[in-house]
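# Topology and contacts: notes
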Amino acid sequence: MCGIVGFNGKNKAVDILLDGLSKLEYRGYDSVGIAIKEKDIEIYKAKGKIVNLKEKIKDKELNGTCGIGHTRWATHGEPSEKNAHPHISNDGNVTLVHNGIIENYQELIEKLHKHGYTFYSDTDTEVLANLIDYYYKKYKMGPIDAINRTMVRVRGSYAIVVMFKEYPDELWVAKKDSPMIIGESKDGMYAASDVPAILKYTNTVYYINDMEAACLKKNKVVFYDLNGDVIKKESKKIDWDISSAEKEGYEHFMIKEIHEQPGVIEKTIHSFINDNKIVFNNIDRDELKKIDEVYIVACGSAYHVGVCAGYIIEDLSRVSVKVDIASEFRYRNPIFRKNEFVIIISQSGETADSLAALREAKKMGAKTLAVVNVVGSSIAREADYVLYTLAGPEIAVATTKAFSTQLIVMYLFAIELSRAKKQIKATEYKELIEEIKLLPDKTKYILDNEVKNIQKIGDKLSTFQDAFYIGRRLDYAIALEGSLKLKEVSYIHSEAYAAGELKHGTISLIEENTPVIGIISQEDIYEKTISNLVEVKSRGGYILTISPKKIDISKVSNYEIHIPETYKYFYPSLIVIPLQLLSYYISVSRGVDVDKPRNLAKSVTVE
Ligand code: G6P
């Protein structure tokens, strides 16, 4: 989704803005623009990538030290220069960039028409610039008053950075339901949609809450509430290091992040284990003991972590689990048990539907836990409890390392819940933890030994138009992720099916050489999946399998990928590695922009 960068300080803003925007490219965008305070405010925009904008301004002398930049992911109005941000009010008094959607923009346009305003773009954002201008001129009480009145008047979601012609040395920030952080360094103040944009310059940040505003001067930031009163905030340190947001010699972020998995899995495991015991800081066993039902809610890959966790939690702790997609949950009117425990899983902590689901769950009285990667993100701040995954910044649009660390947190949650519910003995508890601790080495083993083979098979499969992933139970849950990964980065149509369900329709799509990826790790039911694969093979399907070596599938499989053995619950962590590699190499072979696949955004901050 849209990316925002603002800078006000001592250095040339243009370099900081373009560099920051390039760090936000992963969010997905289709046009780009900047506004810099020179003598007047100068605006430059381009359709397409940041290089197009760079080309346009290469001969310009831009020395201003205050400016705003934006990468736009089109919602209202096609991707074009006209619709690209920054947008400007009719007489140039207000210039701004915006992430989010203004839902009542039509009504506001009509209101502003009556006051003589005209509109040049198809966006909902332009109305914000004119509405702020309208209140600024009507009440003549300065920027904070105009911004606050606008916040009260608009419906929807927004993070904005605003420049006022009459306040040339200030940037103004406001937000509701869209991400925004403020950075501080000795060289100036920064505003950004996400940490990687400013990590090169500072790791000192402030979090601005919904319906708050901030004024970024050259050497300080002042926060305001909706009454216009000044509020005090403490800065926080972010401990991500800058190298984790760089490619470091890898061709793409996706493959770099795939290879980071053993390290980040290990970090995440150790952050929750002390002396062979799981330590969740603020959630104690008494709290877990009370849980009557767990509801896991998330989007995309995070939802697939939820599906995996659902199987494990129910089997291990005998607590009933529901798993739902956040955009469904929020409008479902869900039924809660007395002590309902809702877990929201999210890498970014900003996904609009997941955030709305969290708020819905809280409204209905459930206790909420966030499993989140980005420290201080909205979901992390609003949930009752938070468990952080330590994946570090994830840049590739298709998640890999965040997914793997989310699995780890959910395994640990399942084990701790089972112990609290007295469903497992101390010895079993210890054995499960011991086995989890072996996962970093086992994932590393796959990366050290299977990459070349998978690259080869990736090349072979890259010409197909359809693929199917099948498995049962946890193998089905992880098949969902394999299939999504393939779709996202290769544009090959693919579907994941519960193996037993294949006969109820999908098998009619199997033709000569259709690739079918069979996932076989669950020993008690593997024979059933093999039977399904035999059915597929006899209809011409090309069978690729992922399994531990001890399960013999040589008679069925056209191509076998082997993974190390682990305890039945933890296979998703090992299976997902070849699945990610396969998608990656197929994508490379097809010449797709792996890190930024078309139409996708890393952080989906609108509905
Ligand atoms: C987007 C990303 C996915 C991600 C999903 C949920 O679709 O491309 O990789 O799984 O959003 O994002 P979240 O930040 O909530 O985990």
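Rules used throughout
Residues numbered from 1 in each chain as written. Predicted model: local features only at pLDDT ≥ 70, side-chain atom pairs only at ≥ 80, totals over all residues. Heavy atoms only, no water. Salt bridge = Lys/Arg side-chain N within 4 Å of Asp/Glu carboxyl O. Buried < 20%, exposed > 50% of the residue type's maximum accessible area, 1.4 Å probe, protein only. Helix = DSSP H or I, 4+ residues; strand = E, 2+ residues; numbered from the N terminus. Pairing = 2+ DSSP bridges. Polar contact = N/O pair within 3.5 Å; in protein donor to acceptor, adjacent residues only side chain to side chain. Contact = heavy atoms within 4.5 Å. Axes fitted to C-alpha atoms, helices over the stretch in contact; angles between N-to-C directions. Parallel < 35°, antiparallel > 145°, perpendicular 65-115°, else oblique. Nonpolar A, V, L, I, M, F, W, Y, C, P; charged D, E, K, R; others polar. Expected span 1.5 Å × (residues − 1). Domains from an automatic or database assignment. Buried area = accessible area lost by both parts, 1.4 Å probe.

### A word on the pattern of salt bridges
Where side chains of opposite charge bring their charged atoms close, a pairing between them can arise. Per the counting criterion, the structure on display carries 37 salt bridges. When the shortest N-O distance is used, the salt bridge between Asp187 and Lys186 registers 3.8 Å. Among the residues examined, Asp187 registers a relative accessible area of 23% and is labelled partly exposed. Across the pair Glu523 and Lys550 runs a salt bridge whose closest N-O atoms are separated by 2.6 Å. Taken together, the residues span a long stretch of sequence, with Glu523 in the loop between β25 (515-519) and α17 (526-537) and Lys550 in the loop between β26 (542-548) and β27 (559-563) at a distance of 27 residues. With relative accessibility at 46%, the residue Glu523 sits in the partly exposed group. For Lys550, a relative accessible area of 42% puts it in the partly exposed group. A single network of salt bridges, built from pairs that share partners, joins Lys175, Lys176, Asp177, Asp210, Arg359 and Glu382.

### Examining the pairing of strand β7 (residues 156-164)
Regular strands place their side chains on alternate faces of the sheet. Counting buried positions along β7 gives 9 out of 9 residues, so the element sits mostly inside the fold. Burial of the side chains of β7 extends over both faces: Gly156, Tyr158, Ile160, Val162 and Phe164 are buried on one face and Ser157, Ala159, Val161 and Met163 on the other. Pairing analysis gives 9 bridges linking strand β6 (residues 94-102) to β7, with the strands arranged antiparallel. In the sheet register, Val94 faces β7, and the bridge partner there is Phe164. Between β7 and strand β8 (residues 171-176), which pair antiparallel and follow one another directly, the connecting turn spans 6 residues.

### Observations concerning the side chain of Thr389
In this structure, Thr389 sits in the loop between β22 (385-388) and α13 (401-420). Thr389 gets classed as buried once you look at its relative accessible area, which sits at 2%. In this structure the side chain of Thr389 is engaged in a polar contact, spanning 3.1 Å, whose partner is the side chain of Asn373. Leave out the neighbours within four places in its chain, and Thr389 touches Thr268, Val371, Val372, Asn373, Thr405, Gln406 and Val409.

### Comments concerning the packing of α13 against helix α18 (residues 571-589)
At a closest axis distance of 10 Å, the pairing of α13 and α18 adopts a crossing angle of 170 degrees. In terms of axis orientation, α13 runs roughly antiparallel to α18. Residues Phe403, Ser404, Leu407, Ile408 and Tyr411 of α13 pack against Pro572, Ser573, Val576 and Gln580 of α18. Split by residue class, the contact of α13 with α18 holds 6 nonpolar, 3 polar and no charged.

### Structural notes on helix α11 (residues 352-363)
Given 3.6 residues per turn, any residue in an α-helix points the same way as the ones three and four places further on. Relative to the 16 Å expected for 12 residues at 1.5 Å per residue, α11 spans 16 Å between its end C-alpha atoms, a close match to the ideal helical length. All buried positions along α11 are accounted for by Ala352, Asp353, Ser354, Leu355, Ala356, Ala357, Leu358 and Ala361. The inward-facing, buried residues of α11 contact β18 (293-298), α10 (326-329), β20 (340-346), β21 (367-372) and α12 (378-382). Positive backbone phi, approximately 90 degrees, marks Gly365, located one or two places after α11.

### Regarding the domain arrangement of the protein
You can read the domains of the protein as domain 1 (3-238), domain 2 (247-437) and domain 3 (449-591). When each unit is reduced to the centre of its C-alpha atoms, the spacing between domain 1 and domain 2 is 33 Å. Listed by partner, the interface residues are 9 residues for domain 1 and 10 residues for domain 2. Carbon and sulfur atoms make up 54% of the surface buried where domain 1 meets domain 2, a total of about 860 Å² over both sides. When the buried surface of domain 1 facing domain 2 is broken down by residue, Tyr26, Asp177 and Tyr207 rank first, second and third, together holding 52% of it. Taking the shortest distance from any N to any O, the salt bridge between Asp177 and Arg359 comes out at 2.5 Å. At the junction of domain 1 and domain 2, the tally comes to 4 residue pairs in polar contact (both at pLDDT 80 or more). Here the side of domain 1 that touches domain 2 is composed, by residue class, of 5 nonpolar, 1 polar and 3 charged.

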